[in-house]
Amino acid sequence: MGDQPTRSELPEDARRPGVGESGDGALVAAVLDALPSPTLLVDAEGRVRLTNLAWRAAADTFGDPRFVVGIGGDYFGLALDVMRDEPATHALIEDLRRLSRGELDSVSADYALRTEGGTRWYHLMASRVDQAGHIVVTHSDVTSRVQAERTSAWQARHDSLTELPNRAHLHELIDLELQRADAPAVAVLFLDVDGFKDVNDSLGHDVGDELLRQLAARLLAVTRGQDTVGRLGGDEFVVLSRDCDLDGAEMLAQRCRITFDQPFELGGRMLRLSASIGIAAAPAGRTSLRSTDLVRDADLAMYAAKAAGRNRVRVFSPELRALVQGKVQMAGELRDAIEDGQLELHYQPILHLSTGEYNGCEALVRWRHPERGLLFPGDFLPVAEQYDLLVPLTRWVLREVGAQHATWRAQDLDLVTGVNVHARHLSTGTLVDDVFSALAETGMPPSNLVCELTETSVAEDPECAASQLAELRARGVEVSIDDFGSGFSSLGQLVNLPTGVLKIDRSLVAFTEGRESHAAAAIAAIVALGRACGSESLAEGVETAEQLALATELGCTFAQGYHLARPLPAAELSAWMAARGGGRRQHPGSVLPVGKSTLPAG
């Protein structure tokens, strides 16, 4: 430490027992020197009486001798200089004085020290050693621990992929903004990438991750310095826009949306994407809003933007919340309805064209709501799909169809009945088990059941669909593809599916005036494709005599639609069939496809 005095040069009171070299003083000095942390002995006035080797080497460690005082120096003055002349430092010095007077048992504190090598953190610990008021003060370097804690805290509050604030930290920041005393206007933007799943599925998750990193950089570039961009998870980003009213938020949202006009360079190719953005704004002077409220409202607005066609910006309105609350309520009521017997099936007859007889029907689900009356599929099936109720609903339909078949058999009525199956049921892998569980429970023969799936649903995962459909057919249950001709799936995939019937979409059957030749060409092509693949065809949505005549002329096997019959309750169907001699026998080689339960048939 340069010109520090030696112990022999200390004043007399510094050499008395307990402080100097005589008596216990030498022992104290030796003990201090053995400590690895910089340590000194200080008297009641803050004068340094002894220092250890680590303290004397601290000047070299810090690279600045100002950080260390020698024997006889003013330790309290050093603290004010190094730890800054702040209230916390004055409070620490006062605690050390109280410790010296015996009013405290110990004193501890953490402080930061700015050195040439960067900021280091120390833990100060002080104890009283004698009646004269001397105190020992150690300074343990805790830089590694503090840095680890800060790194851990940062990681807990930030997204590891984009280094943006994560969900938890975003909510903290939004709540802080909402709780400001002056309560200025604030807005939240909720951004979701359109088609992000397709990028992951086609190019891989590494490319998807790179897209998210690029997007984070673009959002940071178009937002203001006072805004905060964060990632909730997946492809969902949130922008907290401070001091921003609704007009400003809409302008910011458009800047965020326009940034997608520039293609993303991903996986060695240029990809053009878009985003749907929802906005929720809190006006100045609000009182009880929370971050969860604002983010939820912006999320609802984002879904409204997607529903409107994607690549749009939508602002939250109370009507959106009411709509969602209505869906949640309906979903809960539908769960109860499945168990409480509020659902019922109506059946639409199917005509076998070559014989002119009715030997099958399509099962259509209805909900007899206790307050809203009879609801058609279009009123509740979208909610069932959104809230994962389609599979339990289909299980109910299968059991109900089986039970109804037993009733019809007792009436000498033998009908093939079709049941719609959603793509989600295929993805669960339980379709085959659910079908044969219902058949075993009700005693319905497999040959009297047809499972129908839409063209688009089987095209989502043709391999998964093919294995389950093949097993159904191998065990006697027929399979039908509905809405054929309405999608854009690969014919190569469809012809390899094990199906017995192609239902020609009503958009082709119900041709407009002057377009009969075009419709006839499309229908003829589907009939020929079905025959080549060993499948029969059904014209659905037949509403006029001309449409029925065309279907017959072009070789369709079956037809159904309002021109032939509307869906009927089970009891009425029995009388309807009896009056027409339907359902009395099966035609060898003929199968009947299922109808689509989502049609709002009357």
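Structure: above.
Scoring rules and cut-offs
- Every chain is numbered on its own, with residues counted from 1 as its sequence reads.
- Reporting of local features is limited, given that this is a predicted model, to residues whose pLDDT is at least 70; pairs of side-chain atoms are given and counted only at 80 or more, and all residues count toward the totals for whole chains, interfaces and linings.
- In computing side-chain properties, one takes all heavy atoms of the structure into account and sets aside hydrogens as well as water.
- Helical segments are the DSSP runs of H or I of at least four residues, strand segments are the runs of E of at least two, and each set is numbered from the N terminus.
- Exposure is judged per residue with a 1.4 Å probe applied to protein chains only, and the accessible area is read against the type maximum: over 50% gives exposed, under 20% gives buried, and values in between give partly exposed.
- Should any heavy atoms of two residues lie within 4.5 Å, those residues are counted as being in contact.
- All accessibility values rest on the Shrake-Rupley procedure with a 1.4 Å probe; residue burial counts only the protein chains present in the view.
- Multiplying 1.5 Å by the helix residue count minus one yields the expected span of that helix.
- Whether two strands pair depends on DSSP finding at least two bridges between them.
- Orientation is described by axes fitted as lines to C-alpha atoms, over the contacting stretch for helices, and by angles from 0 to 180 degrees between their N-to-C directions.
- If an angle is under 35 degrees, it is roughly parallel; if it is over 145, roughly antiparallel; if it lies from 65 to 115, roughly perpendicular; otherwise it is oblique.
- By convention the crossing between two helices is left-handed if the near helix lies anticlockwise of the far one by an angle smaller than a right angle, and right-handed if it lies clockwise.
- Each residue is assigned to one class: nonpolar for Ala, Val, Leu, Ile, Met, Phe, Trp, Tyr, Cys and Pro, charged for Asp, Glu, Lys and Arg, and polar for all the others, Gly among them.
- Whenever a carboxyl oxygen of Asp or Glu lies within 4 Å of a side-chain nitrogen of Lys or Arg, that contact is scored as a salt bridge.

Draft legend 1. View of the overall build of the chain. A count of helical and extended segments in the chain gives 23 helices and 22 strands. Of all 602 residues assigned to the chain, the portion counted as buried reaches 50%. Of the contacts made within the chain by residues no fewer than 6 positions apart, 65% connect residues no fewer than 24 positions apart. A total accessible area of about 27,900 Å² is found for the chain, and carbon and sulfur atoms account for 50% of it.

Draft legend 2. Expanded view of helix α12 (residues 318-340). Here α12 spans 32 Å end to end across 23 residues, near enough to the 33 Å set by a 1.5 Å rise per residue. What α12 keeps buried is the set L320, M330, A331, L334, A337 and I338.

Draft legend 3. Local environment of the sheet that holds strand β2 (residues 48-51). Pairing is antiparallel in the open sheet, where five strands are placed in the order β2-β1-β5-β4-β3. Edge strands, defined here as strands with exactly one partner in the open sheet, are β2 and β3 (107-115). Geometrically, the sheet is characterised by an average inter-axis angle of 25° between neighbouring strands, direction not taken into account. Sheet analysis places strand β1 (residues 39-42) next to β2, joined by three bridges and oriented antiparallel.

Draft legend 4. Up close: the pairing of β1. Across the two faces of β1 the burial is the same, with T39 and L41 and L40 and V42 all buried. Where β1 lies against strand β5 (residues 135-141), four bridges are found, and the strand directions are antiparallel. What sits directly across from V42, in β5, is I135. Hairpin connection between β1 and β2: a loop of five residues separates the two successive antiparallel strands, and G46 in this loop has a positive phi of roughly 90°.

Draft legend 5. Focus on the environment of L529. Among the structural elements, L529 can be located in helix α21 (residues 516-532). The exposure class of L529 is partly exposed, given its relative accessible area of 22%. Separated by 27 residues in sequence, L529 and L502 place their C-alpha atoms 9.2 Å apart.

Draft legend 6. The environment of H352, seen in detail. Its location among the elements puts H352 in strand β13 (residues 343-352). By relative accessible area, which is 4% here, H352 ends up buried. With 205 residues separating them along the chain, H352 and T557 place their C-alpha atoms 6.2 Å apart.

Draft legend 7. Representation of the packing of helix α16 (residues 431-442) against helix α18 (residues 462-474) in the model. α18 packs onto α16 with a crossing angle of 25° between their chain directions and a minimal axis gap of 9 Å. By the angle between their directions, the pair α16 and α18 is classed as roughly parallel. Two packed elements cross with a definite hand, and for α16 against α18 that hand is right-handed. Here α16 contributes L431, V432, V435 and F436 to the contact with α18, which in turn contributes Q468, E471 and L472. In the contact of α16 with α18, the residues fall into five nonpolar, one polar and one charged.

Draft legend 8. Up close: the pattern of salt bridges. Following the criterion strictly, the structure yields 30 salt bridges and no others. Close ionic contact of R98 with E103 constitutes a salt bridge, the shortest N to O distance being 3.3 Å. Its relative accessible area of 29% is what places R98 among the partly exposed residues. Put simply, R231 and D159 hold a salt bridge, and the shortest N to O gap is 2.9 Å. Here R231, found in strand β7 (residues 228-233), pairs with D159, found in the loop between α6 (143-157) and α7 (167-178); they are 72 residues apart in sequence, far enough to count as distant. This pair shows no difference in class: R231 is buried, exactly as D159 is.

Draft legend 9. Examining the sheet that holds β7 more closely. With mixed pairing, five strands are arranged side by side in an open sheet as β7-β8-β6-β11-β12. The sheet is open, and its two borders are formed by β7 and β12 (313-315), each paired with just one other strand. Along the sheet, successive strands turn relative to each other by an average axial angle of 20°, direction set aside. Direction of pairing for strand β11 (residues 274-282) relative to β12: parallel, over a ladder of three bridges.

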